[in-house]
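The lines below spell out each chain.
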Amino acid sequence: MLGGPKKACIVYGVTFFSPFTKILTNCITNCILIMIITKHAFKRMTERGLSPEMLSSMMKGHVVVKSSRNGSFIVIGRADGNFWTVLMGSDLYTVITVRRSHSDEESLWNLR
């Protein structure tokens, strides 16, 4: 593969790297969780110390989902004792970027 993986896919907490992730997600049935992680999101996760397994655990737990102006969604959750904000695509499968949550987002998570 030239330039490394374009996307990563988490299925049952196992990470698969493939340029054909969309084909993989269309072929899998009865999955608990499928996420398509863009190269940018994976780089940000690595920089910030959030592993794909931690992200998977966060998404299976208590999360708050807010819609964004551009049709994407903001998911706020907790993993390994830290609050994280994940920007998801409009399909709710594609992880666009990840960052630590702001204090107002933590407050919103605590309210729900």
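Residues numbered from 1 in each chain as written. Predicted model: local features only at pLDDT ≥ 70, side-chain atom pairs only at ≥ 80, totals over all residues. Heavy atoms only, no water.

### Describing the overall build of the protein chain
In step 1: Secondary structure assignment for the protein chain yields four helices and seven strands.
In step 2: For the protein chain, with 112 residues in total, the buried portion stands at 38%.
In step 3: Excluding contacts between residues fewer than 6 apart, the proportion of contacts in the protein chain whose partners are at least 24 apart in sequence is 41%. (Helix = DSSP H or I, 4+ residues; strand = E, 2+ residues; numbered from the N terminus. Buried < 20%, exposed > 50% of the residue type's maximum accessible area, 1.4 Å probe, protein only. Contact = heavy atoms within 4.5 Å.)

### Quick notes on the pairing of strand E7 (residues 94–100)
In step 1: As judged from the two bridges shared by strand E3 (residues 34–38) and E7, these two strands associate in the parallel manner. Its bridge partner being in E7, Ile37 is matched across the sheet by Val95.
In step 2: In this sheet, E7 lies alongside strand E6 (residues 82–88) in antiparallel orientation, the contact comprising five bridges. Residue pairing across strands places Trp84 opposite Arg100, the latter belonging to E7. (Pairing = 2+ DSSP bridges.)

### Some words on the nonpolar core
In step 1: In terms of nonpolar packing, the biggest core is built from 16 residues, with Leu50, Leu55, Met58, Met59, Val86, Val95 and Val98 touching the most fellow members.
In step 2: Of all the secondary-structure elements, those providing two or more residues to this core are E3, helix H2 (39–48), helix H3 (52–60), strand E5 (73–79), E6 and E7.
In step 3: It is H3 that contributes the most residues to this core, four residues altogether.
In step 4: The next biggest cluster of nonpolar side chains, apart from the first, holds five residues, and it includes Val64, Ile74, Ile76 and Trp109. (Core = buried A, V, L, I, M, F, W, Y, C linked by side-chain atoms within 4.5 Å.)

### Re the pattern of salt bridges
In step 1: Applying the stated rule across the entire model yields two salt bridges.
In step 2: Of the charged contacts, one joins Glu47 and Arg44 as a salt bridge, the two residues approaching to 3.0 Å between their closest N and O atoms. Linking Glu47 with Arg44, this pair stays in helix H2, spanning three residues, or about one helical turn. (Salt bridge = Lys/Arg side-chain N within 4 Å of Asp/Glu carboxyl O.)

### Thoughts on the confidence of the model for the protein chain
In step 1: Looking at the protein chain as a whole, the pLDDT averages 77, with 71% of positions reaching at least 70.
In step 2: Here helix H1 (residues 21–27) stands out as the least confident element of the protein chain, with mean pLDDT 44; E6 is the most confident, with 95.
In step 3: Confidence drops under a pLDDT of 50 for residues 1–6, and excluding neighbours within four residues, the segment shows seven contacts in the predicted structure.
In step 4: When the criterion is pLDDT under 50, residues 11–31 qualifies, and its contacts beyond four places in sequence or with other chains add up to 39 contacts. (pLDDT = per-residue confidence, 0-100.)

### Description of the environment of Ile37
In step 1: Along the polypeptide, Ile37 turns up in strand E3.
In step 2: Judged by relative accessible area, Ile37 falls into the buried class, the value being 0%.

### Structural notes on unusual backbone geometry
Apart from glycine, the bulk of residues carry a negative phi angle, and the bulk of peptide bonds sit in the trans form.
In step 1: For Asp80, which is not glycine, the phi torsion reads 55° and is therefore positive.
In step 2: If you trace the backbone, Asp80 turns up in the loop between E5 and E6.
In step 3: Here Leu92, not a glycine, exhibits a phi torsion of approximately 60°, which is positive.

### What about the side chain of Thr94?
In step 1: Mapped onto the elements, Thr94 comes out in strand E7.
In step 2: For Thr94, the contacting residues outside a window of four places in its chain are Ile36, Thr38, Leu87, Met88 and Gly89.

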